[in-house]
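Structural features, examined
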Amino acid sequence: MLIRAIALSIALLVGVGVILPLATETTEAGPHHSKYKRQHHRYRKYSKAWWRQYHRRQRHRRALAARRRALRLQQLRLAEAHKKETAPAAIDKKEIVKTSAAVEPPSLLPSGEQAPAGWKKTSMTPGELKFGVSDSKGQQVGSASISIMGPAMAESNAKNTLGGVPVTSLRRDVINRMIGENGWVVNDFQKDLNGKKVYVVVAQSQNGGHVSSRMFYFTEVNVRIYSVSTTSNLDSADRLSDETEKVINSLQNGSRRNTQRAALNE
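Before going into details, it helps to say that this report is about the structure given with it. (Residues numbered from 1 in each chain as written. Predicted model: local features only at pLDDT ≥ 70, side-chain atom pairs only at ≥ 80, totals over all residues. Heavy atoms only, no water.)

Some words on helix H3 (residues 167-180)
With 14 residues, H3 should reach 20 Å at 1.5 Å per residue; the first-to-last C-alpha distance of 20 Å fits that figure. For H3, every residue scored as buried is listed here: Val167, Leu170, Val174 and Met178. The buried residues of H3 all sit within an arc of 75° when viewed along its axis, so they share a single face. Across H3 from its buried face, at more than 90 degrees, point the exposed residues Ile179 and Gly180. Contact partners of the buried residues in H3: strand E4 (161-162), strand E5 (165-166), strand E6 (183-193), strand E7 (196-207), strand E8 (210-221) and strand E9 (224-233). Note on H3: the residue one or two positions beyond its end, Asn182, has a positive phi of about 60°. (Helix = DSSP H or I, 4+ residues; strand = E, 2+ residues; numbered from the N terminus. Expected span 1.5 Å × (residues − 1). Buried < 20%, exposed > 50% of the residue type's maximum accessible area, 1.4 Å probe, protein only. Arc of directions from axis to C-beta. Contact = heavy atoms within 4.5 Å.)

Written as C-alpha cells, this is what we have:
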C-alpha cells in the first residue's frame, strides 16, 4: 500500500508539472492569436464586409496622398512667393547698373541743342569742341569739331568776305593745315543757309593708301567766326555734309534766340 501511495503521488506531481506550463503558454498566447485572427481573418475574402473594408482602406490612402500633394503644392507656392519678394530688388539693381552703363547723356552743341545722331563728344576746350562720328551700327566713320576762328571784323555783304574777314584768309588757313596733314584743297564756294552766308572749303587728305574727305564750314555767329570741320571716309562724306549744315543752322538759330531774349529783357 505504501508503495502504491508513493507511486500515485509521484504520478500526480508529474502530471501537475506538465499541465501547468501548457496551460500558462496557452493563456499567454491566446489573446495574441485571437487578435491576429481579428486583423487578418475577420472577414471572408470578397464578401460584402471585406469589400467595404477594402474601399475604406483605399479612401484612406487616397486622402493621405491628397494631403501630401496639397502640402507639397503649398510649399511650392510659398517658395515662389518668397522668390518674387526677394528677386525684384536684385533684378532692379542689375538693370540700374546695366542701364546707367549703356545709356549715355546726349552730346550737346554750343547752341544747347542735341548733336546729330552718331555724334559723341570726345573732348572740349574753351575754343574747340570735338566729336566722334559713328554710323547706325556704332562703327566709327569719322570725326567733327566746332571751333572759334576769331572775332568778326564787321558786318559786310561783300562777295569775298565773311563777317568782314576775307574768305581768302580762311582758305589759306585750310591750305596750311592740309599741307601739314598731307592733304590738298579740292574746291571752295559760298552758300546761304537760312539767309546767312556760309563759306565752304572741300579738301582731301591721305594716310597711306587711305583717302579721307575733309570739309570746312565757316559762318559768322554773335560777331564771331565759327568753323565746323569734318573728317570721314569718302562713303560718309555726303552724310556728314548734311549733318554739318544742321549744326550750322543750330548755331545760327541759337544766336537768334539769344538776340530775342536780350531784346525782351530790355
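Side note on unusual backbone geometry
Of note in this structure, Asn182 is not a glycine but carries a positive phi near 60°. Its location among the elements puts Asn182 in the loop between H3 and E6.

Structural notes on a positive patch on the surface
Together, Lys48, Arg52, Arg56, Arg59 and Arg62 make up a positively charged patch on the protein surface. Its place among the elements puts Lys48 in helix H2 (residues 48-102). In this structure Lys48 comes out as exposed when scored by relative accessible area, which is 70%. (Patch = residues over 30% accessible without salt bridge, like charges linked within 9 Å, V, L, I, M, F, W, Y side chains within 5 Å. Areas by Shrake-Rupley, 256 points an atom, 1.4 Å probe, with all protein chains shown as cover. Salt bridge = Lys/Arg side-chain N within 4 Å of Asp/Glu carboxyl O. Lys, Arg positive; Asp, Glu negative; His and termini not counted. Charge placed at Lys NZ, Arg CZ, Asp CG, Glu CD.)

Focus on the side chain of Thr244
Along the chain, Thr244 turns up in helix H4 (residues 237-265). With sequence-adjacent residues up to four places away left out, Thr244 is seen in contact with Trp119, Tyr217, Val228 and Thr230.

Focus: the sheet that holds strand E3 (residues 140-151)
The strands that make up a sheet pair up through hydrogen bonds in the backbone, lying either parallel or antiparallel. If you trace the seven strands from one edge of the open sheet to the other, you get E1-E2-E3-E9-E8-E7-E6, paired in antiparallel fashion. Strands with a single pairing partner mark the edges of an open sheet, and in this sheet they are strand E1 (119-125) and E6. Neighbour-to-neighbour, the strand axes of this sheet turn through a mean angle of 20°, independent of strand direction. Two strands pair when backbone bridges link them, and E6 and E7 are joined in this way by ten bridges, in the antiparallel orientation. Within E7, the position partnered with Lys191 by the bridge is Val198. Against the sheet, H3 contacts E3, E6, E7, E8 and E9, and its axis sits at roughly 150° relative to E6. (Pairing = 2+ DSSP bridges. Axes fitted to C-alpha atoms, helices over the stretch in contact; angles between N-to-C directions.)

A look at the nonpolar core
Counting residues in hydrophobic clusters, the biggest one holds 22 residues, and the most contacted among them are Trp119, Phe131, Ile146, Tyr217 and Val228. Listed by contribution, the elements that provide at least two residues to this core are strand E2 (128-134), E3, E7, E8, E9 and H4. By residue number, the principal contributor to this core is H4, which donates four residues. Among all residues touching Ile146, those that are not within four sequence positions of it are Leu109, Pro110, Gly127, Glu128, Leu129, Phe131, Tyr226, Ser227, Val228, Val247 and Leu251. In this structure, Ala152, Val174, Met178 and Tyr199 belong to the second largest nonpolar core, which totals 13 residues. (Core = buried A, V, L, I, M, F, W, Y, C linked by side-chain atoms within 4.5 Å.)

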